[in-house]
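Structural description and commentary
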Amino acid sequence: MDLELSPQEKALSVKARDFCDQVLIPLELAVDEHGELPMDRRAAVRQQVRDWGFAGINHSKEDGGLGLTMLEQTVIEEQLGRVTNGLWSCVWRPPVSLKFGTEAQKRAYLQPACHGERRGCFAITEENAGSDPRQVEMSATRKGDRWVLNGEKWFVTSYNASDFIIAHAHVDGDPDKPTLFLVDKPAAGLVHLRSPKFMHNFAFDHAELRFENVELGADKVLGEIGQGFELTKDWFVEARLQIASHTVGAAIRAAEIANDYAANRVQFGRPIRDFQAIDFMLADMAVEIFAAKTMLYRVAWEIDRKLDRKLVHARASALKLYCSEMAGRVIDKALQILGGRGYMRENPVERLYRDIRVDRIWEGTSEIQRLVIAGQIRKRGFETYAGWV
Ligand SMILES: Cc1cc2nc3c(=O)[nH]c(=O)nc-3n(C[C@H](O)[C@H](O)[C@H](O)COP(=O)(O)OP(=O)(O)OC[C@H]3O[C@@H](n4cnc5c(N)ncnc54)[C@H](O)[C@@H]3O)c2cc1C
């Protein structure tokens, strides 16, 4: 077993860290003060993502992406996770479900999205459908050779940075026919209700939308009728790995800041790290990060070696659960080590503390991940996690 990163993986990690230090971190306070990335700065950031060579990191070269392995994507995403205020989302990842589109859909959506000319957002959640997407009430009904969408969507991330939406609807209101639809903005009948404020400040918004008889051509169905969950499964795996990468990166940044502070902050005549209470917190933080990062790189490496899709799904849940909860514990300790300074908004640790809370909620809450993991243990045995396959 070779646990060393390749020169290419190491180089990508260094380049991503430099990109964050030079391009994204200088924007953090502006986003925190403004609530999101100011509109007049968005085009310049988009161009910098292209200039640095991070356009389309999650798609194949044939589809307009960079053709990176999962481990290569992971080392980049880990660095992006160090950055606060959701600025990681400036490095777009066109929805993975687009790769299941027709050739025409790939030309119209996926390829331009990889190049940063278009951007899509994903709308599944509704007021009454969160963890249980079978409760989705958005319906798609036929009208001649067209489709008509009706319903509301909540929490649509990056709506105001997107020019199309992938909307999850039930054909004829039947939960056995979940289906994805491509909706171009603007569309007659598509109403932006509001973009509420959240605990974090994020580069883009999280919108609530109403679809009132939004008409679409037959060519706007993504995949097959009834295939909505199947296509979304791949999205969940990718998103869960991305969250795991971000939370590992966030925990490392907070721990590094706390470690430096503990070495330099003097109280009672000596650096606070000389107090065992502080030193032990740093020790626990280091071990937690060590475990999470090892797990993260292992799963990314396994995906690159074509691990069975069901096992990938099982592992992605464990990874998302562990890394997001680990980051909560580590960043909480980092804030404690910083004392009052850790509670100041100008301190990155305070922002990381707020930012990573949502990682235990979106893309499947911690409770839903535990349900998936427990189900996998029952179906496939304990070795799913304790073995080494
Ligand atoms: C900032 C933000 C951005 C988001 N972006 C998007 C987006 O772009 N697109 C999108 O479609 N959605 C998005 N979401 C929605 C997100 O995926 C949901 O919030 C999440 O799936 C949980 O759904 P819910 O909030 O309705 O909570 P609920 O499902 O109502 O859950 C409430 C509580 O009950 C628990 N619970 C529910 N069912 C069970 C069970 N069976 N067993 C044990 N506990 C259970 C949950 O874990 C949770 O603690 C976003 C959410 C947020 C906060």
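Residues numbered from 1 in each chain as written. Predicted model: local features only at pLDDT ≥ 70, side-chain atom pairs only at ≥ 80, totals over all residues. Heavy atoms only, no water.

As annotated by UniProt and renumbered to match this structure, "domain: Acyl-CoA dehydrogenase/oxidase N-terminal" (unreviewed entry) occupies residues 7-117. A helix fraction of 55% and a strand fraction of 0% characterise residues 7-117, whose end C-alpha atoms lie 31 Å from each other. (UniProt positions renumbered as here; feature names shortened; annotations may be inferred. Helix = DSSP H or I, 4+ residues; strand = E, 2+ residues; numbered from the N terminus.)

Here we take up the site of the ligand. Near the ligand there are 17 residues, and of these T125, S131, F155, T365 and E367 occur at the shortest range. For the ligand, a nitrogen atom lies 2.8 Å from a polar atom in the backbone of F155. Take T365: an N or O atom from its side chain is 2.7 Å from an oxygen atom of the ligand. Its free accessible area being 980 Å², the ligand has 64% of it covered by the protein chains. Looking at which element gives the most residues to the shell around the ligand, the answer is strand β3 (residues 146-157), with 3 residues. By residue class, the composition of the shell around the ligand is 9 nonpolar, 6 polar and 2 charged. (Near = heavy atom within 4 Å. Polar contact = N/O pair within 3.5 Å; in protein donor to acceptor, adjacent residues only side chain to side chain. Areas by Shrake-Rupley, 256 points an atom, 1.4 Å probe, with all protein chains shown as cover. Nonpolar A, V, L, I, M, F, W, Y, C, P; charged D, E, K, R; others polar.)

Let's shift gears to the packing of aromatic side chains. Under the defined criterion, the tally for this structure stands at 11 aromatic pairs. Aromatic pair Y109 and F164: ring centres 4.9 Å apart, planes at 65°, arrangement edge-to-face. Placement of the pair is Y109 in helix α5 (residues 103-114) and F164 in strand β4 (residues 164-171), with a sequence separation of 55 residues. Judged on exposure class, the residue Y109 and its partner F164 are both buried. Measuring from ring centre to ring centre gives 5.8 Å for W154 and F155, while their planes differ by 80°; the resulting arrangement is edge-to-face. Taken together, F19, W52 and F54 form an aromatic cluster joined through their ring pairs. Residue placement shows K15 over the ring face of F54; its charged tip is 4.9 Å from the ring centre. One Lys or Arg, R240, reaches over the ring of F236 and ends 4.5 Å from the middle of that ring. (Phe/Tyr/Trp six-rings, centres within 6.5 Å; stacked < 30°, edge-to-face > 60°. Buried < 20%, exposed > 50% of the residue type's maximum accessible area, 1.4 Å probe, protein only. Lys NZ or Arg CZ within 6 Å of the ring centre and 35° of its normal.)

If you roll a probe as big as a water molecule over the atoms, it shows you where there is empty space left. Under the definition given, this model contains 1 cavity of 30 Å³ or more. Space inside the largest cavity adds up to approximately 40 Å³. Taken together, M70, Q73, T74, E77, R93, E238, L241, Q242 and S245 form the lining of the largest cavity. Residue assignment for the lining of the largest cavity shows that the elements contributing at least two residues are α4 (70-80) and α6 (228-264). When its residues are assigned to classes, the lining of the largest cavity shows 2 nonpolar, 4 polar and 3 charged. (1 Å grid on protein atoms, 1.4 Å probe; cavity = no way out; pocket = protein on both sides within 12 Å on 5 of 7 lines; lining within 4 Å. Points joined across faces, edges and corners; volume = space filled by probe spheres on them.)

Here the focus is the domain arrangement of the chain. Under the domain assignment used here, the chain contains domain 1 (7-114), domain 2 (120-226) and domain 3 (229-386). Here the C-alpha centre of domain 3 lies 21 Å away from the C-alpha centre of domain 1. Domain 1 puts 26 residues into the contact, and the matching count from domain 3 is 29 residues. Taken together, the two surfaces of domain 1 and domain 3 that pack against each other cover about 2400 Å², and 59% of this comes from carbon and sulfur. (Domains from an automatic or database assignment. Contact = heavy atoms within 4.5 Å. Buried area = accessible area lost by both parts, 1.4 Å probe.)

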